[in-house]
Amino acid sequence: MKKTLVLLFLSVCGLSHGQASYQGNHHFELYGGGPNFMKFDFYNSSPNSTNGVQNLSIPPCGLRYSYMISNDVSVGVDLLYNSLRQTYSSTDTVFVNNEWTYINADYVDLKSRLRIQARFNFMLPTSSPNVDSYIGVAVGTNNRWKKQWVNGNITENLTSVDLVTV
């Protein structure tokens, strides 16, 4: 399987061509990326002792549109989305009435991100028409959401403003 994927990748690379970058052209691109860094739990929200962790994630993927205002400069919009859903169970111990009590809880964590940006690209001159190299600058939003449910009840509902750290 691994050899088949490598062969497919090499054949696609050999057949691919750069986009025609001329004034007045419209470029639409769908893209997907990886890895999904949300899997590394940047928010540190998971309890210490967990059982049966299940991850369902959408890696960074998006849509990019650009319009060539000259042969070397384009402007456009970039839209990116990714998310991670973790489902797990946790067992905590509490000392009540001179005895240890075990409390089981089922957790669902949902983290998502939506980025919308205005883009400005400058195409670099190349000697080959099959190469499309550019330097780009983008400005826009970087919205994030985090929600957590414990035993079916929502316990945390944070937005980008709440998730900003100093």
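Residues numbered from 1 in each chain as written. Predicted model: local features only at pLDDT ≥ 70, side-chain atom pairs only at ≥ 80, totals over all residues. Heavy atoms only, no water.

A look at the overall build of the chain
Rules: Put simply, DSSP marks the helices as runs of H or I at least four residues long and the strands as runs of E at least two long, and each gets a number from the N terminus on. The buried label applies to any residue whose accessible area, calculated with a 1.4 Å probe on protein chains only, is under 20% of its type's maximum; exposed applies above 50%, and partly exposed to all values in between. The contact rule is simple, with two residues in contact once any of their heavy atoms fall within 4.5 Å. Accessibility throughout is a Shrake-Rupley quantity obtained with a 1.4 Å probe, and a residue counts as covered only by protein chains that appear here.
Per the secondary structure count, the chain includes two helices and seven strands. Taken from the N to the C terminus, the helices and strands of the chain come in the order α-β-β-β-β-β-β-β-α. Counting over 166 residues, the chain shows a buried share of 23%. Summarising the internal contacts of the chain: among those between residues at least 6 apart in sequence, 62% fall at separations of at least 24. Accessible surface computed for the chain: about 11500 Å², of which carbon and sulfur atoms make up 59%.

Structural notes on the pairing of strand β7 (residues 153-158)
The test is simple: Pairs of strands are assigned from DSSP output, requiring at least two bridges between the strands.
Summarising the sheet, strand β6 (residues 143-150) and β7 pair through five bridges and their orientation is antiparallel. What sits directly across from Lys-147, in β7, is Asn-157. Hairpin connection of β6 to β7: two residues between the antiparallel strands, including Asn-151 at a positive phi of 50°.

Details of the pairing of β6
Note: strand β4 (residues 99-123) against β6, eight bridges, orientation antiparallel. Within β6, the residue paired with Val-108 across the bridge is Trp-149.

Thoughts on the packing of aromatic side chains
We apply this condition: What counts as a ring pair is set by centres within 6.5 Å for rings of Phe, Tyr and Trp (its six-membered ring), and what kind of pair is set by the plane angle: stacked under 30 degrees, edge-to-face over 60, tilted for all other angles.
Under the definition given, this model contains three aromatic pairs. Ring centres 4.9 Å apart and planes at 40° place the aromatic pair Phe-28 and Tyr-65 in the tilted group. Taken as a pair, Phe-28 in strand β1 (residues 26-32) and Tyr-65 in strand β2 (residues 50-68) lie far apart in primary sequence, 37 residues in all. What makes Tyr-65 partly exposed here is its relative accessible area of 26%. Here the aromatic rings of Tyr-88 and Tyr-107 are separated by 5.1 Å at their centres, their planes lie at 10°, and the arrangement is stacked. Of the two residues, Tyr-88 sits in strand β3 (residues 73-96) while Tyr-107 sits in strand β4, which places them 19 residues apart along the sequence.

Thoughts on a nonpolar patch on the surface
What counts, and what does not: What goes into a patch is any residue over 30% in relative accessible area without a salt bridge, connected to like charges within 9 Å or, for nonpolar side chains (Val, Leu, Ile, Met, Phe, Trp, Tyr), within 5 Å. Salt bridges, as used here, are contacts in which a Lys or Arg side-chain nitrogen is within 4 Å of a carboxyl oxygen on Asp or Glu.
Together, Phe-28, Leu-30, Leu-63, Val-77, Leu-79 and Ile-116 make up an exposed nonpolar region whose accessible area comes to about 590 Å². Of all the secondary-structure elements, those providing two or more residues to the nonpolar patch are β1 and β3. Mapped onto the elements, Leu-63 comes out in strand β2.

So yeah, pure geometry; function would need other evidence.
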